[in-house]
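So you can see what is in the structure, the chains are spelled out below.
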Amino acid sequence: MTFPPAAATPHMTTIYATLGVQPDATLDEIKRAYRRAAMKWHPDRNPGREAEAYAAFQEIREAYAILSDAEQRRVYDEVFAQEMQRWQAERDAQEAQEREAQRERERLAQEHYEKMVAIAMRFADEGHHRDVLFGVLLGRDCDAELAVRIADSVWALQEARRSPKPATEVSDAQPAPAPEDAASNIDESAVPRRAFESFWQGLFGLRP
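Rules used throughout
- Residues numbered from 1 in each chain as written.
- Predicted model: local features only at pLDDT ≥ 70, side-chain atom pairs only at ≥ 80, totals over all residues.
- Heavy atoms only, no water.
- UniProt positions renumbered as here; feature names shortened; annotations may be inferred.
- Helix = DSSP H or I, 4+ residues; strand = E, 2+ residues; numbered from the N terminus.
- Core = buried A, V, L, I, M, F, W, Y, C linked by side-chain atoms within 4.5 Å.
- Buried < 20%, exposed > 50% of the residue type's maximum accessible area, 1.4 Å probe, protein only.
- Contact = heavy atoms within 4.5 Å.
- Patch = residues over 30% accessible without salt bridge, like charges linked within 9 Å, V, L, I, M, F, W, Y side chains within 5 Å.
- Areas by Shrake-Rupley, 256 points an atom, 1.4 Å probe, with all protein chains shown as cover.
- Salt bridge = Lys/Arg side-chain N within 4 Å of Asp/Glu carboxyl O.
- Lys, Arg positive; Asp, Glu negative; His and termini not counted.
- Charge placed at Lys NZ, Arg CZ, Asp CG, Glu CD.
- Polar contact = N/O pair within 3.5 Å; in protein donor to acceptor, adjacent residues only side chain to side chain.

Peer 1: What should I look at first to understand the UniProt feature "coiled-coil region" (unreviewed entry) in the chain in this one?
Peer 2: Following the UniProt record, one finds the feature "coiled-coil region" (unreviewed entry) at residues 84–111. From the first C-alpha to the last, residues 84–111 spans 40 Å; its make-up is 100% helix and 0% strand.

Here it is as C-alpha coordinates:
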(Lines give C-alpha, C1' and ligand atoms only; values in the text may rest on other atoms or scores of the structure.)
Protein backbone atom coordinates (compact mmCIF):
# COMPACT_ATOMS: atom_id res chain seq x y z
CA MET A 1 0.00 0.00 0.00
CA THR A 2 1.17 3.52 -0.77
CA PHE A 3 0.98 5.55 2.40
CA PRO A 4 0.04 9.22 2.45
CA PRO A 5 2.81 11.61 3.39
CA ALA A 6 3.04 12.86 6.96
CA ALA A 7 2.05 16.35 5.79
CA ALA A 8 0.49 16.14 2.35
CA THR A 9 -0.41 19.75 1.72
CA PRO A 10 -0.27 23.07 3.59
CA HIS A 11 -3.99 22.62 4.34
CA MET A 12 -4.05 18.88 5.00
CA THR A 13 -2.24 17.59 8.11
CA THR A 14 -2.27 13.87 8.75
CA ILE A 15 -2.63 12.15 12.09
CA TYR A 16 0.84 10.75 11.47
CA ALA A 17 2.13 14.31 11.56
CA THR A 18 0.13 14.94 14.73
CA LEU A 19 2.15 12.23 16.49
CA GLY A 20 5.36 13.12 14.65
CA VAL A 21 5.86 9.73 12.97
CA GLN A 22 6.20 8.55 9.39
CA PRO A 23 3.29 6.80 7.61
CA ASP A 24 5.15 3.46 7.76
CA ALA A 25 5.88 3.70 11.49
CA THR A 26 5.59 0.52 13.53
CA LEU A 27 3.19 0.17 16.43
CA ASP A 28 6.05 0.51 18.92
CA GLU A 29 7.18 3.73 17.25
CA ILE A 30 3.62 5.05 17.38
CA LYS A 31 3.35 4.23 21.10
CA ARG A 32 6.63 5.96 21.92
CA ALA A 33 5.67 9.00 19.86
CA TYR A 34 2.30 9.15 21.63
CA ARG A 35 3.89 9.12 25.06
CA ARG A 36 6.30 11.90 24.13
CA ALA A 37 3.59 14.06 22.57
CA ALA A 38 1.14 13.44 25.44
CA MET A 39 3.72 14.47 28.04
CA LYS A 40 4.64 17.56 26.07
CA TRP A 41 1.06 18.78 25.59
CA HIS A 42 -0.58 17.63 28.82
CA PRO A 43 -2.49 20.65 30.19
CA ASP A 44 -0.84 20.24 33.61
CA ARG A 45 2.57 20.75 31.98
CA ASN A 46 1.54 23.96 30.17
CA PRO A 47 0.51 26.56 32.75
CA GLY A 48 -0.86 29.67 31.10
CA ARG A 49 -1.50 27.76 27.87
CA GLU A 50 -4.09 25.34 29.14
CA ALA A 51 -6.59 25.88 26.32
CA GLU A 52 -4.00 25.41 23.58
CA ALA A 53 -2.48 22.41 25.32
CA TYR A 54 -5.88 20.78 25.86
CA ALA A 55 -6.76 21.08 22.15
CA ALA A 56 -3.39 19.61 21.13
CA PHE A 57 -3.70 16.85 23.72
CA GLN A 58 -7.11 15.86 22.37
CA GLU A 59 -5.76 15.67 18.80
CA ILE A 60 -2.90 13.49 19.99
CA ARG A 61 -5.27 11.11 21.77
CA GLU A 62 -7.54 10.86 18.72
CA ALA A 63 -4.60 10.21 16.41
CA TYR A 64 -3.26 7.50 18.67
CA ALA A 65 -6.69 5.86 18.96
CA ILE A 66 -6.78 5.39 15.20
CA LEU A 67 -3.15 4.49 14.54
CA SER A 68 -2.92 2.01 17.41
CA ASP A 69 -5.83 0.03 15.96
CA ALA A 70 -4.82 -1.92 12.84
CA GLU A 71 -8.27 -1.88 11.22
CA GLN A 72 -8.90 1.82 11.86
CA ARG A 73 -5.43 2.64 10.59
CA ARG A 74 -6.06 0.69 7.38
CA VAL A 75 -9.34 2.50 6.75
CA TYR A 76 -7.73 5.84 7.48
CA ASP A 77 -4.89 5.16 5.03
CA GLU A 78 -7.33 4.16 2.28
CA VAL A 79 -9.65 7.11 2.81
CA PHE A 80 -6.79 9.55 3.01
CA ALA A 81 -5.23 8.12 -0.17
CA GLN A 82 -8.53 8.63 -1.99
CA GLU A 83 -8.74 12.21 -0.73
CA MET A 84 -5.21 12.84 -1.87
CA GLN A 85 -6.05 11.57 -5.36
CA ARG A 86 -9.11 13.82 -5.49
CA TRP A 87 -7.11 16.80 -4.28
CA GLN A 88 -4.39 16.10 -6.85
CA ALA A 89 -6.95 15.87 -9.64
CA GLU A 90 -8.48 19.19 -8.58
CA ARG A 91 -5.07 20.84 -8.43
CA ASP A 92 -4.13 19.49 -11.87
CA ALA A 93 -7.41 20.80 -13.31
CA GLN A 94 -6.85 24.20 -11.74
CA GLU A 95 -3.31 24.40 -13.09
CA ALA A 96 -4.56 23.42 -16.55
CA GLN A 97 -7.17 26.19 -16.41
CA GLU A 98 -4.52 28.70 -15.34
CA ARG A 99 -2.25 27.66 -18.22
CA GLU A 100 -5.11 27.99 -20.69
CA ALA A 101 -6.02 31.40 -19.29
CA GLN A 102 -2.39 32.51 -19.61
CA ARG A 103 -2.26 31.35 -23.25
CA GLU A 104 -5.47 33.27 -23.95
CA ARG A 105 -4.05 36.42 -22.35
CA GLU A 106 -0.91 36.10 -24.44
CA ARG A 107 -2.96 35.59 -27.62
CA LEU A 108 -5.07 38.67 -26.96
CA ALA A 109 -1.98 40.71 -26.13
CA GLN A 110 -0.33 39.62 -29.39
CA GLU A 111 -3.44 40.49 -31.39
CA HIS A 112 -3.63 43.90 -29.74
CA TYR A 113 0.06 44.52 -30.41
CA GLU A 114 -0.21 43.59 -34.08
CA LYS A 115 -3.31 45.76 -34.44
CA MET A 116 -1.51 48.77 -32.92
CA VAL A 117 1.48 48.26 -35.22
CA ALA A 118 -0.81 48.11 -38.26
CA ILE A 119 -2.57 51.32 -37.22
CA ALA A 120 0.74 53.11 -36.68
CA MET A 121 2.04 51.93 -40.06
CA ARG A 122 -1.10 53.16 -41.81
CA PHE A 123 -0.86 56.63 -40.33
CA ALA A 124 2.89 56.74 -40.99
CA ASP A 125 2.31 55.82 -44.64
CA GLU A 126 -0.12 58.72 -44.85
CA GLY A 127 2.72 61.06 -43.89
CA HIS A 128 1.94 61.69 -40.21
CA HIS A 129 4.90 62.25 -37.91
CA ARG A 130 5.87 60.40 -34.76
CA ASP A 131 3.82 62.46 -32.28
CA VAL A 132 0.67 61.87 -34.29
CA LEU A 133 1.34 58.13 -34.28
CA PHE A 134 1.75 58.21 -30.51
CA GLY A 135 -1.48 60.15 -30.03
CA VAL A 136 -3.44 57.86 -32.32
CA LEU A 137 -2.25 54.80 -30.43
CA LEU A 138 -3.21 56.32 -27.10
CA GLY A 139 -6.64 57.02 -28.52
CA ARG A 140 -6.97 53.33 -29.41
CA ASP A 141 -6.53 52.19 -25.78
CA CYS A 142 -2.87 51.39 -26.25
CA ASP A 143 -0.73 51.38 -23.11
CA ALA A 144 1.46 54.50 -23.00
CA GLU A 145 4.73 52.56 -22.76
CA LEU A 146 3.79 50.32 -25.66
CA ALA A 147 2.55 53.31 -27.66
CA VAL A 148 5.94 54.99 -27.23
CA ARG A 149 7.81 51.92 -28.43
CA ILE A 150 5.59 51.37 -31.46
CA ALA A 151 5.52 55.04 -32.45
CA ASP A 152 9.30 55.33 -32.17
CA SER A 153 9.90 52.11 -34.07
CA VAL A 154 7.43 52.79 -36.88
CA TRP A 155 8.72 56.33 -37.31
CA ALA A 156 12.32 55.09 -37.44
CA LEU A 157 11.29 52.48 -39.99
CA GLN A 158 9.56 55.04 -42.16
CA GLU A 159 12.59 57.32 -41.97
CA ALA A 160 14.83 54.44 -43.06
CA ARG A 161 12.54 53.72 -46.00
CA ARG A 162 12.60 57.35 -47.07
CA SER A 163 16.38 57.78 -46.81
CA PRO A 164 18.17 58.32 -50.17
CA LYS A 165 20.12 55.54 -51.80
CA PRO A 166 23.90 55.90 -51.26
CA ALA A 167 25.79 57.06 -54.31
CA THR A 168 27.31 54.22 -56.29
CA GLU A 169 30.91 54.21 -57.30
CA VAL A 170 31.57 55.00 -60.95
CA SER A 171 34.50 53.26 -62.69
CA ASP A 172 37.04 55.28 -64.66
CA ALA A 173 36.35 53.24 -67.75
CA GLN A 174 32.67 54.10 -67.95
CA PRO A 175 31.36 57.69 -68.01
CA ALA A 176 28.64 58.74 -65.61
CA PRO A 177 25.16 58.62 -67.17
CA ALA A 178 23.43 61.80 -68.15
CA PRO A 179 21.09 63.28 -65.52
CA GLU A 180 17.99 62.17 -67.35
CA ASP A 181 19.39 58.59 -67.67
CA ALA A 182 20.51 58.42 -64.02
CA ALA A 183 16.98 58.87 -62.71
CA SER A 184 15.73 55.96 -64.79
CA ASN A 185 18.48 53.66 -63.50
CA ILE A 186 17.52 53.95 -59.77
CA ASP A 187 16.09 50.70 -58.44
CA GLU A 188 13.45 51.87 -55.96
CA SER A 189 12.97 48.35 -54.56
CA ALA A 190 16.55 48.31 -53.29
CA VAL A 191 16.25 51.43 -51.09
CA PRO A 192 17.46 50.40 -48.40
CA ARG A 193 16.17 46.85 -48.28
CA ARG A 194 18.47 45.40 -45.64
CA ALA A 195 17.82 48.19 -43.17
CA PHE A 196 14.09 47.86 -43.82
CA GLU A 197 14.09 44.12 -43.12
CA SER A 198 16.24 44.43 -40.00
CA PHE A 199 13.84 47.02 -38.59
CA TRP A 200 10.89 44.67 -39.01
CA GLN A 201 12.70 41.73 -37.50
CA GLY A 202 14.35 43.60 -34.65
CA LEU A 203 11.60 46.00 -33.68
CA PHE A 204 8.39 44.08 -34.32
CA GLY A 205 9.39 40.45 -34.64
CA LEU A 206 7.68 40.42 -38.03
CA ARG A 207 8.70 40.34 -41.65
CA PRO A 208 7.38 42.87 -44.18
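Having seen the structure, we can now continue with the description.
Peer 1: What am I meant to see in the nonpolar core here?
Peer 2: One broad rule of soluble globular proteins: the nonpolar side chains tend to lie buried together. Formed by 18 residues in total, the largest nonpolar core has its most connected members in Met116, Ile119, Leu133, Leu137, Cys142, Ile150 and Val154. Residue assignment for this core shows that the elements contributing at least two residues are helix H4 (70–125), helix H5 (130–139) and helix H6 (144–162). With 8 residues, H4 is the largest single contributor of residues to this core. In this structure Leu137 touches Met116, Ile119, Ala120, Cys142, Ala147, Ile150 and Ala151, once residues within four positions along its chain are discounted. Formed by 17 residues, the second largest nonpolar core is a distinct cluster that contains Leu19, Ala33, Ala37 and Phe80.

Peer 1: What exactly am I supposed to notice about a positive patch on the surface here?
Peer 2: A grouping of Lys31, Arg32, Arg35 and Arg36 is seen on the molecular surface, where their side chains present a positively charged patch. Tracing the backbone shows Arg36 in helix H2 (residues 27–41).

Peer 1: What am I meant to see in the side chain of Thr14 here?
Peer 2: Here Thr14 shows up in the loop between strand S2 (12–13) and helix H1 (15–19). Judged by its relative accessible area of 0%, Thr14 is buried. Separated by 3.1 Å, the side chain of Thr14 and the backbone nitrogen of Ala17 make a polar contact.

Peer 1: Would you take a moment to explain the pattern of salt bridges for this structure?
Peer 2: Opposite charge on two side chains permits pairing when their charged atoms draw close. By the definition in use, this model includes 13 salt bridges. A salt bridge links Arg74 to Glu78; the shortest N-O distance between them is 2.9 Å. Of this pair, Arg74 and Glu78 both sit in helix H4, 4 residues apart, which is roughly one turn of the helix. Measuring nitrogen to oxygen at the nearest pair gives 3.2 Å for the salt bridge that ties Glu159 to Arg162. Of this pair, Glu159 and Arg162 both sit in helix H6, 3 residues apart, which is roughly one turn of that helix. Of the residues examined, Glu159 reaches a relative accessible area of 38% and is grouped as partly exposed. Each of Glu71, Arg74 and Glu78 takes part in one network of salt bridges that share partners.

Peer 1: Looking at this structure, I do not really get the side chain of Asn46. What am I missing?
Peer 2: In this structure, Asn46 sits in the loop between H2 and helix H3 (50–67). For Asn46, a relative accessible area of 8% puts it in the buried group. Setting aside anything within four residues of it in sequence, one finds Asn46 in contact with Lys40, Trp41 and Ala53.

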